[in-house]
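Okay, here's what each chain looks like letter by letter:
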Protein chains: 2
Amino acid sequence: MRAMVITTGEEILKGEVVDSHASWISERLCELGVEVVRHLSVGDNLVSLKEVFSRVAGECEVAVVTGGLGPTEDDLTTRAAAESAGVPLVEDPVAAASVAAYFKGRHVAVPASNLKQARLPKGATCIPNPVGTAPAFCLELSGTRFWFLPGVPREMRFLMNESVVPAIVGLQPRGSRLVKTAITTFGLPESVVGERIAGIESGFPGVHVGYRASFPVIEVKIWAFAQEDAGVAKRQEAASAEALKRLEGYVVSEAGDSMAEAVATALCGAGQSLAVAESCTGGLIGNLLTDVPGSSDWFLLSAVTYANSAKEAVLGVSAETLEACGAVSGETVGEMAQGARRVSGADIGIATSGIAGPTGGTDEKPVGTVWIGISTEGGTETHRFVSPLKDRHQNKRIFAFKALDLLRRKVKVGDRENG
Amino acid sequence: MRAMVITTGEEILKGEVVDSHASWISERLCELGVEVVRHLSVGDNLVSLKEVFSRVAGECEVAVVTGGLGPTEDDLTTRAAAESAGVPLVEDPVAAASVAAYFKGRHVAVPASNLKQARLPKGATCIPNPVGTAPAFCLELSGTRFWFLPGVPREMRFLMNESVVPAIVGLQPRGSRLVKTAITTFGLPESVVGERIAGIESGFPGVHVGYRASFPVIEVKIWAFAQEDAGVAKRQEAASAEALKRLEGYVVSEAGDSMAEAVATALCGAGQSLAVAESCTGGLIGNLLTDVPGSSDWFLLSAVTYANSAKEAVLGVSAETLEACGAVSGETVGEMAQGARRVSGADIGIATSGIAGPTGGTDEKPVGTVWIGISTEGGTETHRFVSPLKDRHQNKRIFAFKALDLLRRKVKVGDRENG
């Protein structure tokens, strides 16, 4: 099955926003075994919309369109769909009920402008929208099944997951129950991840492999449609096991968790609390960890001690160490990690100090150098790592993920030793 | 002048990456007065590439294509361009010199696979690439001028800025020198910014207005082509002044600086140093500030005291205050801000404590509530703000930007009082 994804809106064509809808929808379609052959973005005008719809119609089985279903005059997608199909707009009872239900839930009368949203192309199938005012709809044009979804991210995602995905699963000739494994990896470049995973698709018929890169982490997805044939679910399991073996040493999560979620799981499992001392990462480690809901259960402190005086005052790093070894040194990060632990009473302390760039490097300590310290009841260890990159943002991210990965491994090993 | 932007790569169609190239290129084109009428993304296969090129050719004056110029077998854009034009691939001396120069600079012999990159469609104009291996090129197809650029972000941006933008400026019939003002705003929703700016384009002929939203900040761009007619540069200046007046009270920067850059500028101008105490923002404030190169000159510390015990131990917040008023209170953020200043010796301390969500709210302190404290030699002030959002990430960002905005205003006022 082939699909095209069409996003609409002048703000996309003017570069005012990055079009993340096309990527998100494509990932869902891809997991359903649908081949996405094109993305198109088009402005909010009737001529362009109709031209794009008529070009796409008949070219593939499925098209997913987002945006332009709102109540205002410049929301023209519904009208363009009707004119492309050569049918009038008619009041749709399901759409009218959807709009009425939305406003009733908010104890508000339906505004006149929103009545427009109850009018759909004749012959369209309405998809009620419980999370917003714009009902979605499905309409066939020259053999292509078009789904028209609102552009509001929350509504688009809800309707895609709840309505479009199940409908497409139903359209698949072989039927399907998606079985999927998501493996989060850190520490291998994307090209090497690809080389290691090469051959899995051909070795396990019916099993599909995909990637999603979110620097510096790469997610490997391995999925299949369980009803394709009797053995495919087993093959998907075997393929996942094979992929995990090939990625051994670099797997952060076998459940698609983020690095911070994996750290949270490890710490909660071990019943341990954490304090962080950051220099070059500047608060990024704390920010990543506190993105995890419930992090207050185990995250006590991050002391972002950018100035040496703050390293001394807050963490008790000795002036002698800073003088003799410098801020970017194993000795300093060791004392920082110990200090974070001591001042907060946490079970584990981790610390970073390095040179993110673009300037500040020396021959001995080039841009990209980071020292990471980990302190526990059992002692303090320090690690040196040198990133080949010179970009400040990328280095901050690499340093933070490297520290979290060392922490995660440390907690897991401790777990095993105690268990 | 009308343009289409074409991005290539299976990773885009599979949703493995978000296509930010199309947005970035469109923004540049838009600033040059070029109307972008379509974005297209297409896979790395010869049939699709040729089909898209032939559809776009003749439809607009300009097309910018990215990706597929690399040395490997699956880089097919150059071949597809040649076949679409009906011309052979021939070794281009400029391209060959560009590839040779790149490897010579690295003291490496040119790998055999990279020799392929010196072969361009006959009749194409090579654009040498000093920052990578893939030379770019320009080729006319049915009256449309196609620019083919590498997909590597750094190379694409460099060649777009250095070669494509000047070439398009030269193509504009009226000639042009771009004059541009970028106004960073915070505190108004996008719709209200749009309402306030409405009418400026029509009131100042030849002046263009654009937006770029990067939650929770909105950038307003006001630009014109100075050689369009004698008065247009003056009208662009007048339009910018008018926009600044209409946005008064919400302007972070008149030079398109980010919030963190504006804070840096204000602190450097006042010669003051900063310490931060973060609770709900979890390190985000420190992370934003340390994204600014040179921040070590004025940023001393961020104490991310998530646990109450850390607020007491690191910042000296009193147990009585925490007990009587709670962590999310004016009293607590006041003591946090004072503590950050005291422990680090900074001139200014700022502090946040709030409830980012999704849970943890009460009737009295709902999700979205934040208290912000600012402490200076002159005293300590506290502010309460309630965001209507329930999303943890969005609230962390709003809280952090709100705190930085209050800080920025405070430093500027102090500046005026002392100046």
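Source: prediction; values computed, not measured. (Residues numbered from 1 in each chain as written. Chains lettered and ligands numbered in written order. Predicted model: local features only at pLDDT ≥ 70, side-chain atom pairs only at ≥ 80, totals over all residues. Heavy atoms only, no water.)

With that settled, consider the overall build of chain A. What chain A contains, in helices and strands, is 16 helices and 17 strands. Along the longest, intermediate and shortest principal axes, the C-alpha atoms of chain A span 80 × 50 × 40 Å. Here chain A, with 419 residues, has 54% of them falling under the buried criterion. Residue pairs at least 24 apart in sequence account for 67% of intrachain contacts in chain A once pairs closer than 6 positions are excluded. When the 40 basic and 49 acidic side-chain charges of chain A are each reduced to a single mean position, those positions are 3 Å apart. (Helix = DSSP H or I, 4+ residues; strand = E, 2+ residues; numbered from the N terminus. Buried < 20%, exposed > 50% of the residue type's maximum accessible area, 1.4 Å probe, protein only. Contact = heavy atoms within 4.5 Å. Lys, Arg positive; Asp, Glu negative; His and termini not counted. Charge placed at Lys NZ, Arg CZ, Asp CG, Glu CD.)

Here we come to the interface of chain B and chain A. Many authors give the size of an interface as the accessible area that is lost as the parts come together. Counting residues at the interface gives 60 residues for chain B and 60 residues for chain A. In total, about 4,800 Å² of surface goes out of reach between chain B and chain A, with carbon and sulfur atoms giving 52% of it. Between Arg-55 of chain B and Glu-59 of chain A there is a salt bridge whose closest N-O contact spans 3.9 Å. One can count 33 residue pairs in polar contact (both at pLDDT 80 or more) joining chain B with chain A. When strand β14 (residues 299-305) of chain A meets strand β14 (residues 299-305) of chain B, the two strands line up antiparallel, connected through five bridges. Bridged to Val-304 of chain A within β14 of chain B is Ser-302 of chain B. (Buried area = accessible area lost by both parts, 1.4 Å probe. Salt bridge = Lys/Arg side-chain N within 4 Å of Asp/Glu carboxyl O. Polar contact = N/O pair within 3.5 Å; in protein donor to acceptor, adjacent residues only side chain to side chain. Pairing = 2+ DSSP bridges.)

Below, the discussion takes up the relation of the copies chain B and chain A. Overlaying chain B on chain A yields an RMSD of 0.2 Å, the required transformation being a rotation through 180 degrees with an accompanying axial translation of 0.2 Å. What the rotation and shift describe, once combined, is the action of a two-fold rotation axis. Mapped onto chain A, 100% of the interface residues of chain B again fall at the interface, so both copies present the same surface. (Least-squares fit on C-alpha atoms with pLDDT ≥ 70 in both.)

Turning our eyes to something else, we now look at the side chain of Lys-311 of chain A. Secondary-structure assignment places Lys-311 of chain A in helix α13 (residues 308-315). Buried and unpaired, Lys-311 of chain A has no salt bridge, with Glu-312 of chain A as the nearest side chain of opposite charge at 9.2 Å.

Time to look at the sheet that holds strand β16 (residues 369-376) of chain A. Strand order in this open sheet of ten strands is β17(A)-β16(A)-β15(A)-β13(A)-β14(A)-β14(B)-β13(B)-β15(B)-β16(B)-β17(B), and the pairing throughout is mixed. Both edges of this open sheet fall to β17 (379-386) of chain A together with β17 (379-386) of chain B, since each of them pairs with a single strand only. Adjacent strand axes in the sheet meet at a mean angle of 10 degrees when their direction is disregarded. Helix α15 (residues 330-344) of chain A rests against β13 (274-278), β14, β15 (348-354), β16 and β17 of chain A of the sheet, and its axis sits at about 145 degrees to β15 of chain A. (Axes fitted to C-alpha atoms, helices over the stretch in contact; angles between N-to-C directions.)

With that settled, the discussion passes to the domain arrangement of chain A. Residue and element names in this part refer to chain A. When its domains are assigned, chain A resolves into domain 1 (2-171), domain 2 (178-253) and domain 3 (260-418). The C-alpha-based centres of domain 2 and domain 3 are spaced at 31 Å. Counting each side, the surface lost to burial between domain 2 and domain 3 is near 760 Å², with a carbon and sulfur contribution of 65%. In terms of surface lost to domain 3, no three residues of domain 2 exceed Phe-186, Phe-215 and Val-252, which account for 66% of the buried area on that side. Inspection of the region where domain 2 meets domain 3 yields zero salt bridges. For the pair domain 2 and domain 3, the number of links is three residue pairs in polar contact (both at pLDDT 80 or more). By residue class, the composition of the side of domain 2 that touches domain 3 is seven nonpolar, one polar and no charged. (Domains from an automatic or database assignment. Nonpolar A, V, L, I, M, F, W, Y, C, P; charged D, E, K, R; others polar.)

Attention now goes to helix α4 (residues 77-85) of chain A. Buried within α4 of chain A we find Thr-77, Thr-78, Ala-80, Ala-81 and Ala-82 of chain A. Gly-86 of chain A sits one or two residues past α4 of chain A and shows a positive phi near 70 degrees.

Moving on, we come to the sheet that holds strand β11 (residues 217-225) of chain A. Residues and elements named next belong to chain A. Strand order in the open sheet formed by four strands is β10-β11-β9-β12, and the pairing between neighbours is antiparallel. The open sheet has two edge strands with one neighbour each: β10 (208-214) and β12 (251-253). Geometrically, the sheet is characterised by an average inter-axis angle of 30 degrees between neighbouring strands, direction not taken into account. Examined bridge by bridge, strand β9 (residues 178-186) and β12 share two bridges and lie antiparallel to one another. Note that in β12 the partner of Thr-184 across the bridge is Ser-253. Across the sheet, helix α2 (residues 20-31) lies against β9, β10 and β11, angled at about 40 degrees from β11, the strand it touches most. The strands that helix α10 (residues 232-246) touches are β9, β11 and β12; relative to β11, the one it contacts most, it runs at about 160 degrees.

All right, on to the packing of aromatic side chains then. Tallied over the entire structure, the rule returns 16 aromatic pairs over all chains. Plain terms: the ring middles of Phe-137 of chain A and Phe-148 of chain A are 4.7 Å apart, the flat faces sit at 20 degrees to each other, and that makes the pair stacked. Within this pair, whereas Phe-137 of chain A is found in strand β7 (residues 136-141), its partner Phe-148 of chain A is found in strand β8 (residues 144-149), the two being separated by eleven residues in sequence. The class of Phe-148 of chain A is buried, set by a relative accessible area of 0%. Here Trp-298 of chain B and Phe-299 of chain B contribute two aromatic rings whose centre-to-centre distance is 6.5 Å and whose plane-to-plane angle is 70 degrees, an arrangement assigned as edge-to-face. Counting every residue linked through ring pairs, the aromatic cluster contains Phe-53, Phe-137, Phe-146 and Phe-148 of chain A. Over the ring of Trp-24 of chain A we find Arg-28 of chain A, and its NZ or CZ is 4.8 Å from the ring centre. (Phe/Tyr/Trp six-rings, centres within 6.5 Å; stacked < 30°, edge-to-face > 60°. Lys NZ or Arg CZ within 6 Å of the ring centre and 35° of its normal.)

Further remarks concern the UniProt feature "domain: MoaB/Mog" (unreviewed entry) in chain A. Here the UniProt feature "domain: MoaB/Mog" (unreviewed entry) sits at residues 4-171 of chain A. Annotated as 43% helix and 23% strand, the span residues 4-171 of chain A places its first and last C-alpha atoms 16 Å apart. (UniProt positions renumbered as here; feature names shortened; annotations may be inferred.)

Residue and element names in this part refer to chain B. The residue Gly-68 is located in the loop between β3 (62-66) and α4 (77-85) in this model. Distance from Gly-68 to Thr-8, taken between C-alpha atoms, is 6.8 Å for residues 60 residues apart in sequence. Contact partners of Gly-68, with chain neighbours within four places excluded, come to Thr-8, Asp-75, Leu-76, Thr-77 and Thr-78.

With that out of the way, let us pick up the nonpolar core. Ranked by size, the top nonpolar core spans 74 residues in total, and within it Leu-274, Leu-289 and Ile-350 of chain A together with Leu-274, Leu-289 and Ile-350 of chain B carry the most contacts. Leave out the neighbours within four places in its chain, and Ile-350 of chain A touches Leu-274, Ala-275, Val-276, Ala-277, Ile-285, Ala-337, Gly-373, Ile-374, Ala-403 and Leu-407 of chain A. Listed in part, the 58 residues of the second largest apolar core include Ile-6 and Val-52 of chain A together with Ala-95 and Cys-126 of chain B. (Core = buried A, V, L, I, M, F, W, Y, C linked by side-chain atoms within 4.5 Å.)

So, on to unusual backbone geometry. Residue and element names in this part refer to chain A. The omega angle of the peptide bond from Phe-215 to Pro-216 is 0 degrees, so this bond is cis rather than trans. Tracing the backbone shows Pro-216 in the loop between β10 and β11. Omega for the bond connecting Gly-357 with Pro-358 falls within 30 degrees of zero, at 5 degrees, which places this linkage in the cis form. Structurally, Pro-358 can be placed in the loop between β15 and β16. Backbone geometry at Ser-142 places phi at a positive 50 degrees, although glycine is not the residue there.

Turning to the packing of helix α3 (residues 46-56) of chain B against α4 of chain B, a few remarks are in order. All names here are of chain B. The geometry of α3 relative to α4 is characterised by a closest axis approach of 9 Å and an angle of 50 degrees between their N-to-C directions. Classified by the interaxial angle, the pair formed by α3 and α4 is oblique. When the axes of α3 and α4 are compared, the crossing they make is right-handed. Residue-level inspection shows Leu-46, Leu-49, Lys-50 and Phe-53 of α3 in contact with α4, the latter providing Thr-77, Arg-79, Ala-80, Ala-81, Glu-83 and Ser-84. Its residues placed into classes, the contact of α3 with α4 shows five nonpolar, two polar and three charged. (Parallel < 35°, antiparallel > 145°, perpendicular 65-115°, else oblique. Left-handed = near helix turned anticlockwise from the far one by under 90°.)

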